[in-house]
Amino acid sequence: MLSSLAHSLLCLHHLKRNLLTLLCLSMLSMAAEAELRVVIIEGLGGEPAYQKQFDKEATAIQVASASITRAEQVSRLTGAAATRANIMAVMKQCASSLNKEDRLALYLIGHGSYDGYTYKFNLPGADITGAELVSMLNAVKADNQLIVVTGSASGALQVLLKKDSRIVVTATRNGNERNITQFGQYFADALMDANADSDKNGRISVQEALDMTARKVKDYYEAESRLATEHPQLTGLHAGVFNISELPGEHTSVTTANASLLAQREQLTGQIDELRLRKESLAEDMYLQQLEVLLLQLAELDARIDTQSGQATTEAAP
Amino acid sequence: MKYTALIIPLLLFAALPAAARGIHYGAVTDAALVACDQQQWRGQRDAAVRCYRSLFTATATTATRAEVAWALGDVKTANELFAAAIKQRSTPALLTRWGELYAETHQNAEALKLYQEALQADQHFAFAQVGAASVLVYQYAAQANDYLQPVMEGKDVPAGAKLRALLLAARVNLEDSDTSRAVELLKEATLVASAAKLPQLEIYALYAALELLQSPLGTDITQSIWVKKALADNSSYGDIYAIPAHFYVITRRTREAVDLFKRAVQIQPDNWEARVEYGSSLLRDNQITAAREQMEAAYKGDPYNVVTVNTLRLLDSLKDYDVLAYPDITDQPGSINRVLLDTSPIVLRLHKKESALLAPYARKLTEQALAVYSKQFNFRLKEPVVVEFYPNHEDFAVRTAGEPGLGLLGVTFGYVVAMDSPSSRATDEFHWGTTLWHELAHVFTLESTDHRVPRWFSEGVSVYEEWNTGPVKGISIPAEVYAAFKAGKALPVIELDRGFIRPDSPQQVMVSYMQAGLICQFIDREFGAARFNEMLAAFKQGQDTSTAVQAVFKLEAKEFDARFNEFMHQKFNKLFENFDAWENAHSTMASAYDRSDWMTVIEAARAALNILPNDVEQGSPYVALARAYNVMNQSAQAQATLETYFMYGGHDAETLRWLATRLLEQKKYAEAARVLDAINYVTPFNYEVHGQLGDTLLILKRPTEALTEFQAALRLNPPDRANAHFRVAQALQALQRNAEAKKNVLMALEIAPNFRSAQQLLLELAKSK
């Protein structure tokens, strides 16, 4: 998809300094945006207020996921059903049904604990351990995996789950941050927040959701004049192109426009990205002049594409 | 447990030299030592030093050698020798003298423990009682009195201890403006000193202070009989100026204090305490470079004073601050150019990390306040007003008092206002706009009276202005203050300063603030706000509260109090009569809220508001009521509730955001803009609020203000930078600043090339070339 291509090139820009450009090329394989399977697990709240909060977050994630994948691809385990056995059953089903090119997103919403050796996600009955999560995810063939863990001590999973093709998002930076987290509510909100869509492509990527969440968490602790007891973390290479929700009325994917226009757009976008890569080597005036020429062409082209596809430029300023 | 064993290491590592050894008034009895001391007290310093050195022999007692080492400025050796002497034979007198050494090296807690250890050995040891009182007097007045009273009233008390007690009591009464009692005590002190042939230098200094406080401005202190007497006894007695200067400091007459401290260190260069006070006063007068010079000199002489160390650290940190002048005047950190301009110039000193963001808001509010107050007080400022914001509260505390742990939010030293930055506290802890408004009123009440306004009236006017002209209008009083008023804890007007300077409890300070504000409200309602200026004029002439009240209102102070009490009862009668019901309604509401029993919340909140409709403090019934209505899908009632809350001055940021969102949904843009603008004076660090307000202002065709908001949002580095640049571009386009608009829209599209709204704007801008 075009938006994915743009993402890939943007990533090229970000990673240039690290000489990791080859890795970004591999992201092009995601351009087709394979089927996304979503599993949402709502852990044990312990107190009614937390259970209510987890419900709200799980619902928001479920709704957001349904905006980008078929509803039947979204599973949610909640309340008494969110047992270790049921989770294992769902993950076993994922392992058997998903292919290498598919995508899996697993959300764990709830409290966690870490005793210095073992991470546990709190469930009714027996908890599920970090090692069990590793085992379940490793059994899934889908190359592109996302796991988001919103609760306390979740950072303990970063080392356990680390894998290049797997994006691991946790509310805390390690297992020692054990206080109640604010992360979950902000992450769930970010999935349908136009302000999180920093590249204005109508979709929220994992990176965009995390960026918004991290900022909200930071602002929360600053506003409260409290020492931050959670520091969101992300590892994995594809966060900028792994889209997890689509904003309403923001479909920029064009299927009815003339193929040559689309090709022109890809070419122009590529030129813009190439210019951005050279930004530091150009005088500001020169850079802006060249950027303006390209952006004007792109604006005119996008207007023609929108007209052809019968789509008004509906994306509103947030 | 004895404290002696623990204390030894504390001073062993102290550096030389150190604080001067004060007059001991007979606490030391070694005749040879006293002979040296007398030379010292007469200002014969070289002779005294020779005398002390001659005593530091192997045959002298350890205690005497400790005193000599101290007198020669070697406090480390003095400490070791006191420890050794006490190890040989501990006496109350030795423990007390050791305590004095600690007190003079600014270690009051340790000093107090030694005094108390002395009193365990002899509970009537008067010098230890006075020592303990001296340490406690600025902390817990009642406890200090417990120590002081037996010495003042005892019959067999040593004359020196009695004299010290009388001097301490006189000083405290002078600080409390009870001059007649202070005079009585000084007379008694003179009798005691004369009879026992004790030095009278401190008596002279307190008389000089008293005389100066009662004299017209510009009085030349060098002509004072008391100064002449003191200098005749000891030509290098710096405290003859430093002690009166202290009274200028506490009555906020900074510049006069600077002059006196300068004289003090001129005649006694090693009066380190005076030099620190000199430096602090220079700092309050914004003479930063000169302040640093004095502090550095003081540090070399007395490195134990935490005020010196803290202040030097603060001065070092000022390089991290921007100094912004409006309108532009030449200004360098450390020397404000005192150019007189037609408008009231202002200078902002803001930390670099937040100056760009805060400056527009601090400037706007300061300019508004100066305009309102110039008219209100019919007073034209003679110098630029300097406003400083400290993102670290402890830096503000050091700026104000030289030490951390200060409970204030802001302070005014004449033309200099220093306060906590909004970033220094949690969002719901204070309303920075109101604090600034409050402090700026002090600039006028202080300067229009040559700093002679009593504390209560200055605070009262500032609180009154908060309520009547400030960014959040409406009388806002914490619940505990109402309870105190109901319990009759208001002070008579002539004693109200005591509530600020020497409160009986921490709560009394807040009660006094509110009482002072209500007195001004009472004056406004009963006599008209024009009387404020008459009161200020009376204070400028040097009248005390009682005389000023009589002159302005033709009432005795007691009659004034009676009329004020009547006003209070009329105003709060419903609350006072239903106080228990009000408290019950509050607690019912709070517990119902916790268990989401919304019907009960509605009932209880309404009952509470029926008794006290302007209750917008933290935990306000309005907020709970609105939440309950909202949960029960009665959003119109929720909105109406919060509109009333806002009208009364409610400013909880989250609550106001909910209200603003509702108003925007209803396209009530002007109302929404007012609400969103109000949030900025609670928390200016929310990029979403700035963006929302900017959008609203653009709709209202107020692009200049919109641009300020959008630029603030951008400075906060929001996650959605493309939209932030786009918004700035929109405002610039509305202001026909198309070149800047285009640059910003390009920056937006650089981040998000397919951002349709930005593309449209770029196309428009390209066409408009």
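Because the structure is predicted, anything quoted here is derived from the model rather than measured.

Caption draft 1: Just the packing of helix H10 (residues 284–308) of chain A against helix H39 (residues 756–767) of chain B, in detail. In the contact formed by H10 of chain A and H39 of chain B, the axes pass within 9 Å of each other and the chain directions differ by 115°. In the packing of H10 of chain A onto H39 of chain B, the handedness of the crossing is left-handed. Counting all contacts with H10 of chain A, which are made through Leu295, Leu296, Ala299 and Asp302 of chain A, the residues of H39 of chain B involved are Arg756, Gln759, Leu762, Leu763 and Ala766 of chain B. Partitioning the contact of H10 of chain A with H39 of chain B into residue classes produces six nonpolar, one polar and two charged.

Caption draft 2: Just the environment of Trp98 of chain B, in detail. Residue and element names in this part refer to chain B. On the secondary structure map, Trp98 appears in helix H6 (residues 92–104). Of the residues examined, Trp98 has 30 C-beta atoms within 10 Å and is grouped as buried. Sequence-wise, Trp98 and Ala63 are 35 residues apart; in three dimensions their C-alpha atoms are separated by 9.7 Å.

Caption draft 3: How the structure looks around the interface of chain A and chain B. Across the contact, 28 residues belong to chain A and 26 residues belong to chain B. Within the side of chain A that touches chain B, the residues separate by chemical class into twelve nonpolar, seven polar and nine charged.

Caption draft 4: Just unusual backbone geometry, in detail. With a phi angle near 55°, Lys200 of chain A is a residue other than glycine that sits in the positive phi range. As for its placement among the helices and strands, Lys200 of chain A is situated in the loop between helix H7 (183–190) and strand S9 (203–205). Residue classification places Lys200 of chain A among the buried positions, given that 29 C-beta atoms sit within 10 Å. For Ser596 of chain B, which is not a glycine, the phi torsion comes out positive at approximately 55°. Secondary-structure assignment places Ser596 of chain B in the loop between helix H29 (579–594) and helix H30 (598–611).

Caption draft 5: Representation of the sheet that holds strand S4 (residues 112–114) of chain A. Residues and elements named next belong to chain A. The three strands are arranged S4-S5-S6 in an open sheet whose pairing can be described as antiparallel. Each edge of the open sheet carries a strand with a single partner, namely S4 and strand S6 (128–129). The pairing of strand S5 (residues 119–121) with S6 spans two bridges and is classified as antiparallel. In the strand pairing of S6, Lys120 is matched with Thr129.

Caption draft 6: Representation of the pairing of strand S2 (residues 74–77) of chain A within the structure. Sheet topology note: the strand S1 (residues 36–42) of chain A/S2 of chain A ladder contains four bridges and is parallel. Residue pairing for S2 of chain A: Ile41 of chain A is matched across the bridge by Leu77 of chain A.

Caption draft 7: The arrangement of the packing of helix H26 (residues 530–540) of chain B against helix H27 (residues 545–553) of chain B in detail. All names here are of chain B. It is at 9 Å that the axes of H26 and H27 come closest, and there the two elements cross at 135°. Overall, the two elements H26 and H27 adopt an arrangement that is oblique. With respect to the hand of their crossing, H26 and H27 are arranged in right-handed fashion. Across the interface between the two elements, Arg531, Glu534, Met535, Ala538 and Phe539 of H26 pack against Ala548, Ala551 and Val552 of H27. Tallied by class, the residues present in the contact of H26 with H27 amount to six nonpolar, no polar and two charged.

Caption draft 8: Here's a closer look at the nonpolar core. Within the largest apolar cluster, 248 residues are counted, with the highest numbers of intra-cluster contacts made by Leu206, Phe261, Val745 and Ala748 of chain B. Val745 of chain B has contacts with Phe726, Ala729, Ala758, Leu761, Leu762 and Leu765 of chain B, leaving out every residue within four places of it along the chain.

Caption draft 9: Broad picture of the environment of Phe56 of chain B. Residues and elements named next belong to chain B. Checked against the element boundaries, Phe56 lands in the loop between helix H3 (45–55) and helix H4 (62–71). Expressed as a C-alpha distance, the spacing of Phe56 and His451, which sit 395 residues apart in the sequence, is 50 Å. With residues up to four places along the chain from it excluded, the contact list for Phe56 reads Arg65 and Val68.

Caption draft 10: Main features of the sheet that holds strand S8 (residues 166–170) of chain A. Residue and element names in this part refer to chain A. In space, the six strands of this open sheet follow the order S2-S1-S3-S7-S8-S10, with mixed pairing throughout. Two strands lie at the open edges of the sheet, namely S2 and strand S10 (233–235), each paired on one side alone. Taken pair by pair, the neighbouring strands of this sheet meet at an average axis angle of 10°, ignoring direction. Summarising the sheet, S1 and strand S3 (residues 103–109) pair through seven bridges and their orientation is parallel. Within the sheet, the bridge partner assigned to Glu42 lies in S3 and is Ile109.

What counts as what
- Residues numbered from 1 in each chain as written.
- Chains lettered and ligands numbered in written order.
- Predicted model: local features only at pLDDT ≥ 70, side-chain atom pairs only at ≥ 80, totals over all residues.
- Axes fitted to C-alpha atoms, helices over the stretch in contact; angles between N-to-C directions.
- Helix = DSSP H or I, 4+ residues; strand = E, 2+ residues; numbered from the N terminus.
- Left-handed = near helix turned anticlockwise from the far one by under 90°.
- Contact = placed C-beta atoms within 7 Å.
- Nonpolar A, V, L, I, M, F, W, Y, C, P; charged D, E, K, R; others polar.
- Buried ≥ 20, exposed ≤ 12 C-beta atoms within 10 Å, placed from the backbone.
- Pairing = 2+ DSSP bridges.
- Parallel < 35°, antiparallel > 145°, perpendicular 65-115°, else oblique.
- Core = buried A, V, L, I, M, F, W, Y, C linked by C-beta atoms within 7 Å.

Keep in mind that these numbers describe shape and distance, not what the molecule does.
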